[in-house]
Amino acid sequence: MRCGPVPWSVNYLNRMASRKTKRGNDLLSPTEAILESISDGVFTVDKDWRITSFNRASEEITSVSRQEAIGQRCSDVFRSSICGAECALQQTLKSGKPVIGRSCYIVNANGDRIPISISTAVLRDADGRVIGGAETFRDISEIEALRRDLKGKFKVGELISHSPAMERIFEVLPAIAGSSSTVLIQGATGTGKEMLAQTIHALSPRSAGPFVAVNCGALPDTLLESELFGYKAGAFTGANRDKLGRFALANGGTLFLDEIGDISPALQVRLLRVIQERTYEPLGATRSEKADVRIIVATNKELSVLVNKGEFREDLYYRVNVVRIELPPLSSRKEDIPLLIGEFIDRFNRLQQKSIEGISTDALSLLMAHQWPGNVRELENVIERAFILCDQGNISIGHLPEELTAQGASSRQNVNVRTAHNQFETGAIRTALERNAFNRLAASKELGMHKTTLFRKIKKLGIPLPEQDGRTRKQ
């Protein structure tokens, strides 16, 4: 029997099954003993999709006894979110390729929705003929609960993270928001500088006022000046009426100046005066206006370097660099990728009125391996693209851009299979050791392998052993 993604050979399992181990009043083969002891559910089906075996963990997760399950169609027992056209086991039997770590949910006998992770494989007899399919599944309720807890614990405003670098920012954010000082946000393009500025505004005493953003690098110098300060009718040809600038529009609130490192020296002088004196003059005006705004600036450039080159005024640099926040790139906080993906899926579900459940494990592994030169913005674009192609269920590798899926597809599959194999073996060996009080000779007999093979696997898999390791002792 080939169980889940684990590449056990049929002959090896047959040799194991030929040896009997007595436990209680039942005679179990070593293979059956392993399947009964692991925490993952394992079941097999024949070609008519009727369940032919159902282990103890399957009973516990589904709340269905094996007597009730065996002989029933698997869709009647599991009532999974991917039963039907999306059935992973059906896809495996058609393609001959295993499905590894796909997330979905089942409805147990009590009517509870249980999130699970599944892996599938073709089931063959001793002659290599296909006789059905095998599936392993794991209850990930605790993982999902932990994810929700982490999401609540490490979310400030619209920002979400549980990386140490971002956690330090979260700790000081309330104090920064409560002050009136100018804030400088530095970070690479796409790291979320504007979102951080919006969060500071939302937590500040000015939250009831407007938040006005200006991309200084997107406008030519003359147009940017009129956008910031406004103008009076007759100030220049075509100025037929007064126009309020962004400083006026942000009155009582926050003005966010993005890419401030791109503004010209002449405009730097005017901006310095506004920050120092909190007044400005619209183009063509004869009197100054009061600037009742909190100023937050951002740049993807190192302003101190620009100062040394003479491209940015030193006095303006010290005026904007009162409070400085460095946003790390996504490549240095990859532990945030699953959280960010969850946020984007929730958002696009609302915007597009879909019900995408999440992302498959193999697709998530691929995204975790990417270096994300475009940072959070690039990740958001990838998920938005996936929503165009994915109608229901989970986002899979097929919904991701080709430039991502083309990178290391074969090596990724090998790593996933090897990892699943190692996890299965580790769980089986650890359970056998614990049941035999870490007596390795007894555990090796139960597992149906030579004791030296067991010793080698314990070392290879890094299975911890107690100081009193249960070696066979002379009485």
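Read on for a plain summary of the structure.

Conventions used here
Residues numbered from 1 in each chain as written. Predicted model: local features only at pLDDT ≥ 70, side-chain atom pairs only at ≥ 80, totals over all residues. Heavy atoms only, no water. Helix = DSSP H or I, 4+ residues; strand = E, 2+ residues; numbered from the N terminus. Buried < 20%, exposed > 50% of the residue type's maximum accessible area, 1.4 Å probe, protein only. Contact = heavy atoms within 4.5 Å. Areas by Shrake-Rupley, 256 points an atom, 1.4 Å probe, with all protein chains shown as cover. Phe/Tyr/Trp six-rings, centres within 6.5 Å; stacked < 30°, edge-to-face > 60°. Lys NZ or Arg CZ within 6 Å of the ring centre and 35° of its normal. Axes fitted to C-alpha atoms, helices over the stretch in contact; angles between N-to-C directions. Left-handed = near helix turned anticlockwise from the far one by under 90°. Nonpolar A, V, L, I, M, F, W, Y, C, P; charged D, E, K, R; others polar. Pairing = 2+ DSSP bridges. Salt bridge = Lys/Arg side-chain N within 4 Å of Asp/Glu carboxyl O. Core = buried A, V, L, I, M, F, W, Y, C linked by side-chain atoms within 4.5 Å.

1. Some words on the overall build of the protein
From N to C terminus, the protein includes 21 helices and 18 strands. The proportion of buried residues among the 475 residues of the protein is 45%. Sequence separation of 24 or more characterises 63% of the internal contacts of the protein that already satisfy a separation of 6 or more. Put simply, the protein shows about 23900 Å² of open surface, and 49% of that area lies on carbon and sulfur atoms.

2. Quick look at the packing of aromatic side chains
Taken as a whole, this structure holds 10 aromatic pairs when the rule is applied. With a centroid separation of 5.4 Å and an interplanar angle of 55 degrees, the aromatic rings of Tyr317 and Tyr318 are classed as tilted. Given the relative accessible area of 8%, Tyr317 is considered buried. Residue Tyr318 is classed as exposed on the basis of its relative accessible area, which comes to 52%. With 5.6 Å between their ring centres and 55 degrees between their planes, Phe348 and Phe387 make a pair best called tilted. Separated by 39 residues along the polypeptide, Phe348 in helix H15 (residues 337–352) and Phe387 in helix H17 (residues 375–389) bring together distant segments of the chain. Of the two residues, Phe348 and Phe387, both sit in the buried class. Taken together, the aromatic side chains of Phe43, Phe54, Phe78 and Phe137 make up a single cluster linked through ring pairs. Lying over the aromatic face of Tyr105, Arg113 brings its terminal NZ or CZ to 3.7 Å of the ring centre. Here Arg440 stacks its cationic end above the ring of Phe455, 5.5 Å away from the centre of that ring.

3. Looking at the packing of helix H8 (residues 164–178) against helix H9 (residues 193–203)
Where H8 meets H9, the axes come as close as 8 Å, and the angle between the chain directions of the two elements is 65 degrees. Here the hand of the crossing between H8 and H9 comes out right-handed. Where H8 approaches H9, its residues Leu173, Ile176 and Ala177 are matched on the opposing element by Leu196, Thr199, Ile200 and Leu203. Residue composition of the contact of H8 with H9, by class: six nonpolar, one polar and no charged.

4. Considerations on the sheet that holds strand S4 (residues 51–54)
Spatially, S4-S3-S7-S6-S5 is the arrangement adopted by the five strands of the open sheet, whose pairing is antiparallel. Sheet topology places S4 and strand S5 (99–107) at the edges, where each strand pairs with a single neighbour. This sheet shows a mean twist of 30 degrees between the axes of neighbouring strands, independent of strand direction. As judged from the five bridges shared by strand S3 (residues 41–45) and strand S7 (residues 130–139), these two strands associate in the antiparallel manner. Residue pairing across strands places Phe43 opposite Glu135, the latter belonging to S7.

5. Some details on the pairing of strand S10 (residues 183–186)
Both faces of S10 are covered, namely the face carrying Val183 and Ile185 and the face carrying Leu184 and Gln186. As judged from the four bridges shared by S10 and strand S15 (residues 294–299), these two strands associate in the parallel manner. Bridging from a neighbouring strand, Gln186 pairs with Thr299 of S15.

6. With respect to the pattern of salt bridges
This model, assessed by the stated rule, comprises 19 salt bridges. Through salt bridges with shared partners, one network takes in Glu36, Glu59 and Arg66.

7. Describing the nonpolar core
With 30 residues, the main nonpolar core has Leu228, Phe247, Leu257 and Leu303 as its most contacted residues. Counting residues per element, the ones that place at least two in this core are strand S11 (211–215), helix H10 (221–229), strand S12 (254–258), helix H12 (265–277), S15, helix H13 (303–309) and helix H14 (314–320). In terms of residue count, the dominant contributor to this core is H12 (five residues). In this view, Leu228 contacts Val214, Gly245, Arg246, Phe247, Leu257 and Leu267; residues no more than four positions away in its chain are not counted. Residues Leu339, Ile345, Val376 and Ile383 belong to the second largest nonpolar core, which totals 26 residues.

8. A look at the sheet that holds S15
The pairing of strands in a sheet happens through backbone hydrogen bonds and is either parallel or antiparallel. The five strands are arranged S11-S12-S15-S10-S16 in an open sheet whose pairing can be described as parallel. Unpaired on one side and paired on the other, S11 and strand S16 (323–326) mark the two borders of the sheet. Each neighbouring strand pair of the sheet contributes to a mean axis angle of 20 degrees, computed without reference to strand direction. Where S11 lies against S12, five bridges are found, and the strand directions are parallel. When the sheet's bridge partners are listed, Phe211 is paired in S12 with Thr254.

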